[in-house]
Every structure is written in C-alpha cells, then in structure tokens.
Amino acid sequence: MASSSNSTSPSSKHPMALTLTRSNSLSRMEFDFDAIEEEDSPFPEVRASVSNIDDPDMPAMTIRMWFVGLLLCMTSSALNVFFNFRSPAPTIVPLALLLISYPFGKFLAFSLPITTYRIPLPYLPRAIFPLHQPSFAPFRLIVNLFLPLTYPRALEFSLNPGPWNIKEHVLVFIMANVATGNPYALNAIVVSEKFYGITMGYWFSLVIVLATQLTGFGLAGLCRRFLVWPASMVWPQNLVACTLLNTLHAEDDDDGIGMYGGTYEPGSKGMSRYKFFMITTIGSLVFFFLPGYLFEALSIFSFICWAAPNNVPVNQLFGVRTGLGMSVLTFDWTQISWIGSPLMVPWWAEVHVFFGFVLFYWILTPILYYTNSWDLAYFPISANEPFDRFGNSYDVKRILRTNDTFDEAAYYAYSPLFLPATYAVTYLLAFALSTCVIVHTLLYHGRTLLNGMKKIRVEADDIHAKLMRGYPEVPDWWYMIAFCVFFSLAIVAMEVWHTDVPVWALLLSVMLPVVYVLPSGFIYAMTGQGITLNILAQIIPGTLLPGKPLANMLFKAYSVQTLSASTAFVQDLKLGHYVKVPPRATFLVQMVATILAAFIQVGVKEWIFSNVKDICEPTQRSQLTCPHNQVFFTASAVWGLIGPTKQFGTGSIYHPHLYAIVIGAFLPLPFFFYQRKFPKSWVRYVSTPVILNGVSSIPPATGINYSSWFAVGFVFQYLIRKKNFAWWSKFNYVLSSALDSGTVISVMLIFFTLQFPNGGSIQVNWWGNEVFQGTADYTRTQFLPIPTGGVPWKGFPPATGTITAAPTATGF
C-alpha cells in the first residue's frame, strides 16, 4: 500500500502522527488521532488498508480493462450457473477473478503496443454556415447550435496506456462482484418449469432477471449520501479487497515489521506485504488439502463426540456437523469464515454477534429443546429442512394436487410442518428483527436520515471523500431513471406473462427493500453482517396471495434480490470510493456487466435445460440434481401452499413466534434512553439489531461456524490488535485475503482434479476421513424417539388409524 507519508500534508504534523515510545520492557506505537483526522480516516481499520493518496491522471476506463473484465466475468457467470445446478460444486468467487486478472492485466500491459490511435470523425463543412452571426435571433440560435459540428474532431485511444494499475484492477473486481453471482430469480424460473410445469420461455426469464438484478442498482445509488460518503460507513469486506489490491500494486517502505513482529531497531529488515501475502497464500493452499480432502476430521473436529459417539446430548451440544459447536475447534478456514472472515469484522461487532449466539443458541435453544417445547426434541437439534410428524423430511408432494395446488385434506391426513430447534429460534429472531431494526434506525440514525433527505451533509468529509470531490458525481436522477425503468420491466413481466402477481403486490414487494435498504446498509457497513428479507418476503405473499406458489416465488425473488443487489452495489460503490475510481466509471461498469451477464446466465440455463437429460433428477448422470432449486421448491410449497396462517396463525404450533414482532419493536428503547441519560456508559455501544441479526446465518450455518469464528476473531481483532498494533495494521487484512485466496484456489484444485473426475470415486479411505461419521452428531440423531403413530398433533383428524408413516429416514 502506498505510504501515507508520500502525500502532502495540509497541516504541520505528519499525516500519520506516529510516535514510537520506548521503555525497558515495551515498545509501542501511539497514534495522535486528533492530528490525523483531517489527513486520514478516523478509523484504524481503514487507515491500515486504504491508501489516503490519489493520482487523478491514472487511467481507469481503458479498453484492456473492458476486455479483461468482460471476458473473465462473462465466462465465470456462465460457469457459476452451471455449477448452481450441480452437487457438489464449487463457486467461482470474485476474489479468484481478482487474482487471475492481475497477471492477465500485467501481460497485456507488457505485450500490447503503446501506440495512440487517432480515428478522424466526420464533421460538417464550414461553408454551409454564414461567416457572420445572423441578426435574426432564431437563425442565430440554429447557427450557434450546429457550428461546433464543423470543427475537426478525432477519437483517440490506446490499447496500452501504461502499466496495469489499481483502478483498472478494481473495476474488474467490481464487475466480478455484480456479474458472477447466480441470479436469485433463476430459482423461481427453474422451479416453476421443472416442479410446477409452468413454462414461461427465454424472454420472460431475461426480463425478470434484469428487473430483479437492476432495480436494486437504482436503489443503491440513491443511498450514497447515507452509506457511501460518510467515513463511519466502513464496509469491512472492502478493507480486505483494498488490502489485497494495494498489496499487489504498491511498494512498501521497509518499516522493520516482519512476519513475527518487529524489533524497531535501526537497520532492521521487515517483510513486504506482497511477500507476506504470497507465503501465507501458498501455505493456506497447501494446508487446505488436509481438512478439505486428506484428513477431513480436521474440519469436522468434534473430538469430544469421538469419545462419546452415542451420547446424544453431548453430540448435540459439542458437535460440529449438526451440533451447537461448543467444542470450538476446527482447522478448516471454510468453517471458520463461513459467516465472513473474522479478521475483517470489527471487534465490537464480533462481541455483539457472539453474545447473541451464546444467548439464543447456547442457552435458549437447549432450554427449549430439552424441555420439548413445540415438540422440538423429536427432531434433530439443527437441520436445514423441516420435518413431518413421523420424523422424516417433509414431503411436499404429499400435499399437492395433480395441478400443483394445495390439497387441504391431504395436509390434515399427512402432517403439519415441524421445524428443528435452531430453525424455530431463527424464525423467532427474524420476527423480532423485522421491527427492531426499523425502530433502532429511527432512534439512532433518524437525524442522519433527515439531514440526508434535506441534502445536508450527513457528517464531515474524511480524506477519501475530499479526494473524491475532484471527480464528477453521478446525478441522483440517473439512478432514479434506472430504478423506474427496471421496476417497469418487472410490471411488464408480471402482466404480459400472467403470473398471478397483481401490480399492487409488486409494489408491496419493492417497498420491502425500500424500507429495509438503509437499516440493512447501516448494519452491513459497520459489521459486515447483512439483513435478509427471506422470511418476510414469503409470509406476506403467503398471506395475501394464498395457494399461489408461483406468485409467492416471484414476490420473494423480486423483494429479496432487490435488497441483496442494492447492498452489493452500494458495497462496490464504497470500494470505488476507497480506491478513488471516478463514480461515473463505477456506474457504467456495474450497469454494463450486470446487463450482459443476465443475457449469458439466462442463455446458459436455457441451453442446459434443453440439452441435458434428466436435469434436476436425483439419478442425473453428471450430478446436475439442482440442490438449490429443490430447497426453493420446498419453501414455495410451504409458504405458497400451506401458507403462514397454518404455520403461525392462531392455534398453530408456532403461533407464539408472532409475539416477537411486538417485543422487537421495544427492544432498542431501554438502551437508547439509558445512553441518552448516561452518554458515557458502555450501553452506548449496544446495538440490538446486530445481536439479533448476527446469528441469522443459522441454518445453514451451525454452531462451529460461530464459536470458531469468534475464537479466531478474539486472537486477531483483540489480542494482537491490542498487543502489537503495528503488525496488525500492516498484515491483518493481508492475512485475511491470503487465507481466502489460498483456500479458494485449493477448493477448486481439489474439486476439478480429485472430486470431479470419475464421478467422485477418487477417495482416501482411512480413520481420519471416517472417525466422525459414526457419531450422533453426524447422523443427526434426535433426543426423543418418535412416538408410535407419529408426534401427537391436535389438528390431526379423529380417524388416526388410517394414517401410515412414510419410511423412516436414514440416520434418525
């Protein structure tokens, strides 16, 4: 990263205001934050990873940037659509493209000619206009309007404007962020065609994908003054990307800080960030072959369960695969970073998340489970799917008529839908969060929102915002037009193809992300933990449009994707803000990449379903079994067919969950009023939405993903940051990006060289890959056996003797 000492300081103090204090037993770095506030970000995390200087003459929108970005992103987006239908399958993540594009760009900079090409443009002959200005005003206006068209002009460009630079590189990465992910709306399209027999065709698929992807783009741009420009909106994920980019593109001064710390002695040799990155990347790549393939017990490191494999409570509390993760240890970075890298999330946010996890999943969940509340003890304590009353995964097809509508008689003859314990608690927290986050935002950010609406500066500019003022900003009306155009596309899709989604329902579906984009953005920007609308976006259409699974899926897809896309777009806008990319370049790159990717992704999906036999069938030869679409189908049937009334309405099993909506609205109030009365107390740091939302990844995340995440975060974000801030500020985010990069490469190597060939038959069979398979944790054993005839249900009709259970699922 370019040293901040290279920039010109407007004050007399050094921009970093760094003082080295020595004593007999301690050397420590001290920062004068008052001195650096105008020179750099007030946040140490940002100072450690983002350069505070800019070169306005550095080219960004180059031809080679478009070539590299579009080639890599369009290829990877097509592959990810294919992988989405396969199980198991890797995902080509943007970080991998960031690494691949670096040598690609360097090669083009080395090989392409540096010639500047000049293409003359046509112009009007000067003779057709009078030499002097006409006296008649209308004629004079016409002459002045067309006179510039008589000047000779030329289009100048170069295939190689200089070295491959950080601004070109970050624009490729921004393309990757918006283009490589699988469109959420494809789930609704595939399920409607494959499971409900409703075929809409290519153009409907394209229109709905464009609408769901880009409505959020317009919404994101309208939130810049709240979520991008303020310095307090840190966006922790971007810090890792910035560190990696600066590591690849900038030279370090030798500050004497090496891999194991620094002596701070004159003449001592340190280590560059790039060298540190390469060593740790290669190390993580090689090491992942152990937990990822050769010694899988290092990943599912449930050592306590190995000692007591048949003790169900021990396995449920200390288990790794389906338990609550009280054993804490795992040596698999994919397990540790499942909910995000613990090296990038601020310490205060990690404390909030882990406090919520302990409170709700290590205390509340066992209490509810072992007291058999809501009949939870008859099912696994943690699972990704609902169950029927016989202990099997819920068979949605048993409650469907031949025309794919809800069969109420079959429902009562079969079973209600039972949730595993962690799922039930997740729904409880989701209901509380839906109101808590709105109230918290109004209380804590109300003045900011009001000032932003009045176009008053939300907070003082930091150095990054000041540098960005030198570039033309994107007008709000550009984003407003994008929002209106793509929302109109959604209306066209719903009306032309007769999807049973009325316009008023579509308006309601877009209102959800409009309401939640700022609360979600505030939490995401400060903690790295986003809010999802999955539950609300299923309950609302399930209540208002009952018995219409297609309408439920489209409502959910539009609402959920608009919020997630807007959050992703805002995150990339902040990344461009950090790297000092012209805002209009970011706007154009995001728009073009998303539109082109939509055409390719829909085309790939259409080709696969037209040419691959037995697609989405369990016996498909190439394992294209559509696992994600199966889950989406189950959710559509549960919420679109059974509906929230039977699941949460009066007299239902989970009706008490609805009281959490009211409780959530009152949760922020005591903390807000207490910190108003005692502004210096620790209560001012409490954020109730972060506590509730931090654990929202369960399921599919399990306890080990939180306990191991917090343990690593405690070491790096608290101990090392406190004891050796100089090492932390130089290497912490480099280490995070290196662990991510090495693991991603290793996962893809293992998949394509060892798991994909020969149908996955290349295996290593030994104790280290089998010891965890004989535990109750691995087999998802429940605490109480299922009663004869199934779990009692008061809604079950009197003639119970005529009902038979489905075959018992393996492992129960």
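These figures come from a predicted structure and were not determined experimentally.

Engineer: I tried to follow the overall build of the chain on my own but got confused; where do I start?
Structural biologist: Secondary structure summary: the chain contains 31 helices and six strands in total. Counting all 812 residues of the chain, 54% fall into the buried class. In the structure as shown, the chain presents an accessible area of about 34,900 Å², 65% of it carried by carbon and sulfur atoms.

Engineer: What should I look at first to understand the pattern of salt bridges in this one?
Structural biologist: Opposite charge on two side chains permits pairing when their charged atoms draw close. Scanning the entire structure with this criterion turns up nine salt bridges. The shortest N-O distance in the salt bridge between Arg225 and Asp476 comes to 3.3 Å. Here Arg225 is found in helix H9 (residues 224–227), whereas its partner Asp476 is found in helix H20 (residues 476–496), with 251 residues between them in sequence. Under the relative-accessibility criterion, Arg225 is labelled buried at 16%. Looking at Asp476, the relative accessible area reads 22%, which means it is partly exposed. For Lys646, the salt bridge is made with Glu408, and the minimal N-O distance between the two is 3.5 Å. With Lys646 in helix H25 (residues 627–648) and Glu408 in helix H17 (residues 408–414), this pair connects stretches of sequence that are 238 residues apart. Several salt bridges converge on common partners, so that one network encompasses Arg224, Arg225, Glu473 and Asp476.

Engineer: Looking at this structure, I do not really get the nonpolar core. What am I missing?
Structural biologist: For soluble globular proteins, the rule of thumb is that nonpolar side chains tend to be buried together. By size, the foremost hydrophobic cluster in this structure holds 212 residues, and its most contacted members are Ile208 and Leu227. Per-element accounting of this core gives the leading share, 16 residues, to helix H23 (residues 549–579). Apart from the residues within four sequence positions on either side, Ile208 is in contact with Ala185, Ile189, Ala493, Met494 and Leu554. Core analysis: the next-biggest nonpolar cluster, separate from the first, contains six residues, Ala297, Ile704, Val771 and Phe772 among them.

Engineer: I tried to follow the packing of H23 against H25 on my own but got confused; where do I start?
Structural biologist: Helix packing for two helices is described by the angle between their axes and how far apart those axes are. At their nearest, the axes of H23 and H25 sit 8 Å apart, and the two run at 115 degrees to each other. By the criterion of interaxial angle, the relationship of H23 to H25 is roughly perpendicular. Note on packing geometry: the crossing formed by H23 with H25 is right-handed. Within the contact between the two elements, H23 uses Pro549, Asn552, Met553 and Lys556 and H25 uses Phe632, Ala635, Ser636, Trp639, Gly640 and Leu641. Along the lines of polarity and charge, the residues of the contact of H23 with H25 split into six nonpolar, three polar and one charged.

Engineer: Would you take a moment to explain the environment of Ile189 for this structure?
Structural biologist: For Ile189, the location among the structural elements is in helix H7 (residues 185–194). Separated by 12 residues in sequence, Ile189 and Gly201 have C-alpha atoms that sit 9.2 Å apart. If sequence neighbours within four positions are ignored, Ile189 has contacts with Phe204, Ser205, Ile208, Val209 and Lys605.

Engineer: Just to check I follow, could you spell out H20 for this structure?
Structural biologist: An α-helical turn contains 3.6 residues, so a residue and the one three or four places further along point in the same direction. In a regular helix each residue adds 1.5 Å, so 21 residues correspond to 30 Å; H20 covers 30 Å between its end C-alpha atoms and thus fits that length. Within H20, the full set of buried residues consists of Tyr479, Ala482, Phe483, Phe486, Phe487, Ala490, Ala493 and Met494. Angular distribution of buried residues about the axis of H20 spans 120 degrees; they occupy a single face of the element. Those residues of H20 hidden inside the fold are in contact with helix H8 (202–221), H9, helix H21 (503–527), H23 and helix H24 (583–611).

Engineer: Where do I start with unusual backbone geometry in this structure?
Structural biologist: Phi is mostly negative for residues that are not glycine, and the peptide bonds are mostly trans. With phi around 50 degrees, His498 is a residue other than glycine that occupies positive phi space. Residue position: His498 is located in the loop between H20 and H21. Residues other than glycine seldom take positive phi values, yet Arg780 does so here, at roughly 60 degrees. Relative to the helices and strands, Arg780 is located in the segment after helix H31 (776–779).

Engineer: Is there a simple way to think about the pairing of strand E3 (residues 116–121) in this case?
Structural biologist: It is a general feature of regular strands that their side chains alternate between the two faces of the sheet. Across the six residues of E3, zero count as buried, placing the element largely on the outside. Alignment of E3 against strand E4 (residues 153–158), held across six bridges, turns out to be antiparallel. Paired with Tyr117 across the bridge in E4 is Phe157.

Engineer: In this structure, what is going on with the packing of H7 against H8? I would like to understand it.
Structural biologist: Viewed as axis vectors pointing N to C, H7 and H8 meet at an angle of 150 degrees, and their least axial separation amounts to 9 Å. Judged by the inter-axis angle, H7 sits roughly antiparallel to H8. The two elements H7 and H8 meet at a crossing, and its hand is right-handed. Every residue of H8 that contacts H7 at Ala185, Leu186 and Ile189 is listed here: Phe204, Ser205, Ile208, Val209 and Thr212.

Thresholds applied
- Residues numbered from 1 in each chain as written.
- Predicted model: local features only at pLDDT ≥ 70, side-chain atom pairs only at ≥ 80, totals over all residues.
- Heavy atoms only, no water.
- Helix = DSSP H or I, 4+ residues; strand = E, 2+ residues; numbered from the N terminus.
- Buried < 20%, exposed > 50% of the residue type's maximum accessible area, 1.4 Å probe, protein only.
- Areas by Shrake-Rupley, 256 points an atom, 1.4 Å probe, with all protein chains shown as cover.
- Salt bridge = Lys/Arg side-chain N within 4 Å of Asp/Glu carboxyl O.
- Core = buried A, V, L, I, M, F, W, Y, C linked by side-chain atoms within 4.5 Å.
- Contact = heavy atoms within 4.5 Å.
- Axes fitted to C-alpha atoms, helices over the stretch in contact; angles between N-to-C directions.
- Parallel < 35°, antiparallel > 145°, perpendicular 65-115°, else oblique.
- Left-handed = near helix turned anticlockwise from the far one by under 90°.
- Nonpolar A, V, L, I, M, F, W, Y, C, P; charged D, E, K, R; others polar.
- Expected span 1.5 Å × (residues − 1).
- Arc of directions from axis to C-beta.
- Pairing = 2+ DSSP bridges.

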